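These are the residues of each chain, in order.
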Amino acid sequence: REGTLKHYRTMLLRLQDFGLMRKWNDLTVENIYKWDAWLHRNLKNKKNEMISDGAVYNYHKCLKAILNRAKLFDRIKDNPYDRLRGKFKRGDSERIDFLTDEEVSAIESLHPVAGSKMEKVRDFFVFQMWTGLSYSDALNFSINDYKLIDGVYKHTGERIKTGVSYVSQLLPPVVDILSKY
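Let me sum up the structure you'll find in this document. Note that residues are indexed from 1 along each chain, following the sequence as it is written. Totals for whole chains, interfaces and linings use every residue, but because this is a predicted model, local features are given only for residues with pLDDT of at least 70 and side-chain atom pairs only at 80 or more, for both listing and counting. Here the side-chain values reflect all heavy atoms present in the structure, with hydrogen atoms and water set aside.

1. Here's the deal with helix H5 (residues 117-131)
Here H5 spans 21 Å end to end across 15 residues, near enough to the 21 Å set by a 1.5 Å rise per residue. What H5 keeps buried is the set Glu-119, Arg-122, Asp-123, Val-126, Phe-127, Gln-128 and Thr-131. The contact criterion used throughout is that any non-hydrogen atoms of two residues lie within 4.5 Å. By definition, any uninterrupted DSSP run of H or I lasting at least four residues is a helix, any uninterrupted run of E lasting at least two residues is a strand, and each is numbered from the N terminus. In the core, the buried residues of H5 are packed alongside helix H4 (101-108), helix H6 (135-139), strand E3 (165-169) and helix H7 (172-180). Immediately beyond the C-terminal end of H5, within one or two residues, lies Gly-132, with a positive phi of roughly 80 degrees. Expected span of a helix, by definition, is 1.5 Å for each gap between consecutive residues, and there is one gap fewer than residues. Residue exposure (1.4 Å probe, protein chains only): buried if accessible area is under 20% of the type maximum, exposed if over 50%, otherwise partly exposed.

2. Things to note about unusual backbone geometry
At Asn-48, a residue that is not glycine, the phi angle is positive and equals roughly 65 degrees. Inspection of the secondary structure puts Asn-48 in the loop between helix H2 (29-42) and helix H3 (53-72). A relative accessible area of 55% means that Asn-48 is categorised as exposed. Here the phi dihedral of Asp-74 falls at roughly 60 degrees; this positive angle occurs in a residue that is not glycine.

Listed below in structure tokens is the structure:
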């Protein structure tokens, strides 16, 4: 996907900026630790603040994936990340945020101007809430994928990004939105 490719390109630019890992032999545990410290010290977000642990983790995630592929294709013997399991924090949040019943009701009770962009955004968000589909999976939605089973439209598919299986059904709020469009 284009978004994922952008992440990899950015990660490669940060490796170039760092300067110590230019060849396969430079990809050592020691240099990865140095790169981690460099990322924490030198990169800033759009607010000109130091980037978060989660952002740094994403750089490591991209590099690790590339090194797994390099190992598979015999470019390197070992992936140094195999010796670094759990050494880098994924991020600051330790719990999953979710919408409360009150927040769901507040979103559903919004009534933007009919036919406006805001109405479409609200409807798409409500559609995602009630189907459980990610943004990319919701964009790929087709009513033809759903089959009527015991009075409910259901679909079993695979997530576009991860390939993980899922089951989705069309609940009344989703049916209302679909009938609108």
